[in-house]
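This is what each chain is made of:
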Amino acid sequence: MKVVRTVAEMRAARPNEGTIGLVPTMGALHAGHESLLEAARAECDRVVMSLFVNEAQFGSGEDFARYPRDEERDTRIAEAAGVDILFAPSADELYPPGFRTWVEPNEEGLEAEFRPGHFRGVATVCLKLFNIVRPTRVYFGQKDAQQVHVVLRVIRDLNVDVELRALPTVRDADGLALSSRNALLTPEERDLALKLPRALQTGDPARARELLDGLDVEYVAIADFERRVLAGAVRIGSTRLIDNVPLEGDKQ
């Protein structure tokens, strides 16, 4: 596996032939990321994984400083998963001095309401990665259903020549959706976090809110992100978690 840290190095390392799968990550890899890497490895000739904690998608007072970071561990996981190129740029490499051009997707509701500016950061870094890596396919998890929806619209609206593959949410045996932020939960907080997937499984926003009694609930709502889901966001201690479950008999 080759590790590159600059845009110039990434472009030089990019294969000229065959299909390229890109798995964008912010590190703190878990089995959900590994499922994306496995799919990319099976479907593409070469696999690129980006590793970049994108401050632009964190709002004021959010957990950018606390976000889990362990590049050495992430590198081992990426290599074991068959990644060909690990692109791990610095913030100055992607947002150099004088940077001022942003992609504004004009998303509304749910995450956009509670995290203003979040999707501007997501859309901008994704478009930059697409332009730098020039992948054939890009892989995301359905846990972040609204993010998938936004990135897909950016691809369509801006005529980006890439196929988006959205893969099912990976969960622990007890049903909790895997998330890098789960590492920030105490054992007691993790037990409380199980209320979220169990409530969403009801498929009923009102009933789900009842089952989330006692938690700091930001939203529980039905949304149509290429498919209908019941989505929810809660805060447990200082950690914010999101999840969604498909409606209308879809599987996740």
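Overview of the overall build of the chain
Alright, step 1. Counting its regular elements, the chain contains ten helices and nine strands.
Alright, step 2. Here the C-alpha radius of gyration of the chain, 18 Å, is about what a compact globule of 252 residues would show, namely 18 Å.
Alright, step 3. With respect to the three principal axes, the spread of C-alpha positions in the chain is 55 × 35 × 35 Å.
Alright, step 4. Counting across all 252 residues of the chain, residues that qualify as buried make up 52%.
Alright, step 5. At a minimum sequence separation of 6, the contacts of the chain that also span at least 24 residues come to 68%.
Alright, step 6. Summed over all atoms, the accessible surface of the chain reaches about 12000 Å², with 46% contributed by carbon and sulfur.
Alright, step 7. Of the charged side chains in the chain, 32 are positive and 41 negative, and the gap between their average positions amounts to 2 Å.

Details of helix 7 (residues 145-157)
Alright, step 1. Helix length check: helix 7, at 13 residues, gives a terminal C-alpha distance of 18 Å against a target of 18 Å (1.5 Å per residue), a fit within 8%.
Alright, step 2. Counting buried positions along helix 7 gives ten out of 13 residues, so the element sits mostly inside the fold.
Alright, step 3. Three or more residues of helix 7 are buried, namely Ala145, Gln146, Gln147, Val148, His149, Val150, Val151, Leu152, Val154 and Ile155.
Alright, step 4. Downstream of helix 7 by one or two residues, Asn159 has phi in the positive range, about 55°.

Re the sheet that holds strand 4 (residues 85-87)
Alright, step 1. Overall, parallel pairing links the six strands, which are arranged 1-4-3-2-5-6 in an open sheet. For this open sheet the edge positions go to strand 1 (2-4) and strand 6 (163-167), each flanked by a neighbour on one side alone. Strand-to-strand, the axes of this sheet are offset by a mean angle of 25°, without reference to chain direction.
Alright, step 2. Relative to strand 3 (residues 46-51), strand 2 (residues 20-25) runs parallel, the two being bridged by six bridges. Residue Pro24 lies in a different strand from strand 3, and its bridge partner there is Ser50.

Quick word on the sheet that holds strand 7 (residues 216-224)
Alright, step 1. Here we have three strands laid out as an open sheet, ordered 7-8-9, and antiparallel in their pairing. Whereas interior strands pair on both sides, the edge strands pair on one side only; in this sheet they are strand 7 and strand 9 (239-246). Pairs of neighbouring strands in the sheet enclose a mean axial angle of 15°, with direction left out of account.
Alright, step 2. Here strand 8 (residues 228-236) runs beside strand 9; their pairing, made up of eight bridges, is antiparallel.

Cut-offs used in this document
- Residues numbered from 1 in each chain as written.
- Predicted model: local features only at pLDDT ≥ 70, side-chain atom pairs only at ≥ 80, totals over all residues.
- Heavy atoms only, no water.
- Helix = DSSP H or I, 4+ residues; strand = E, 2+ residues; numbered from the N terminus.
- Rg over C-alpha atoms; globule rule 2.2 N^0.38 Å.
- Buried < 20%, exposed > 50% of the residue type's maximum accessible area, 1.4 Å probe, protein only.
- Contact = heavy atoms within 4.5 Å.
- Areas by Shrake-Rupley, 256 points an atom, 1.4 Å probe, with all protein chains shown as cover.
- Lys, Arg positive; Asp, Glu negative; His and termini not counted.
- Charge placed at Lys NZ, Arg CZ, Asp CG, Glu CD.
- Expected span 1.5 Å × (residues − 1).
- Pairing = 2+ DSSP bridges.
- Axes fitted to C-alpha atoms, helices over the stretch in contact; angles between N-to-C directions.

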